[in-house]
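# Breakdown of the fold
If you want the building blocks of each chain, they are given just below.
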Amino acid sequence: MADDPKDVIMPMLREMRAEMREQFQDVKERLDKLESRQKTVRQALTADTMMSRLVAGDFEDRIFELERKIDMLMKGK
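Residues numbered from 1 in each chain as written. Predicted model: local features only at pLDDT ≥ 70, side-chain atom pairs only at ≥ 80, totals over all residues. Heavy atoms only, no water.

This part is about the overall build of the protein. Helix and strand counts for the protein stand at one helix and zero strands. Here the C-alpha radius of gyration of the protein, 33 Å, is well above what a compact globule of 77 residues would show, namely 11 Å. Per-residue burial over the protein gives 0% buried out of 77 residues. When the accessible surface of the protein is totalled, it reaches about 7900 Å², and 61% of it is carbon and sulfur. The centroid of the 16 positive side-chain charges in the protein is displaced by 8 Å from the centroid of its 17 negative side-chain charges. (Helix = DSSP H or I, 4+ residues; strand = E, 2+ residues; numbered from the N terminus. Rg over C-alpha atoms; globule rule 2.2 N^0.38 Å. Buried < 20%, exposed > 50% of the residue type's maximum accessible area, 1.4 Å probe, protein only. Areas by Shrake-Rupley, 256 points an atom, 1.4 Å probe, with all protein chains shown as cover. Lys, Arg positive; Asp, Glu negative; His and termini not counted. Charge placed at Lys NZ, Arg CZ, Asp CG, Glu CD.)

Attention now moves to a nonpolar patch on the surface. There is a patch of nonpolar side chains on the surface, built from V8, I9, M10, M12, L13 and M16 and spanning about 530 Å² of accessible area. Relative to the elements of secondary structure, I9 occurs in helix 1 (residues 5-76). The class of I9 is partly exposed, set by a relative accessible area of 44%. (Patch = residues over 30% accessible without salt bridge, like charges linked within 9 Å, V, L, I, M, F, W, Y side chains within 5 Å. Salt bridge = Lys/Arg side-chain N within 4 Å of Asp/Glu carboxyl O.)

Two side chains bearing opposite charge may form a pair once their charged atoms approach each other closely. Counting across every chain of the model gives two salt bridges. Across the salt bridge formed by K28 and D32, the nearest N and O atoms sit 3.3 Å from each other. Of this pair, K28 and D32 are both found in helix 1, four residues apart, which corresponds to roughly one turn of the helix. We classify D32 as partly exposed; its relative accessible area is 37%. Among the salt bridges present, the one from E65 reaches R68, with a minimum N-O distance of 2.3 Å. A residue pair is termed a helical-turn pair when its members lie 3 or 4 positions apart in one helix, as E65 and R68 do in helix 1 at three residues.

The next point concerns a negative patch on the surface. Taken together, the side chains of E15, E19, E22, D26 and E29 make up a negatively charged region of the molecular surface. The topology assignment puts E15 in helix 1.

Spatial relationships are all this shows, so hold off on functional conclusions.
Written out as structure tokens, the structure reads:
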């Protein structure tokens with residue numbers, strides 16, 4: 001009997017399952033891409049922060065050196 005509900009429902013469920021697998025695979029691929037981009041952005045922000053600290057530290061060192069020289073000049077006079 002081709003009209004038996006089992007003969008109709010089971011193939012439909014298998015087809016639905018296959019479609020859902022494809023959709024989940026697409027979603028997984030998109031999430032993987034997003035995670036990769038997020039990691040890249042995080043790394044760029046970390047690099048920017050480190051560069052800012054390096055530059056700020058360099059300026060602090062230069063200012064400290066200028067203050068030291070001014071102190072020496074003022075003490076010498």
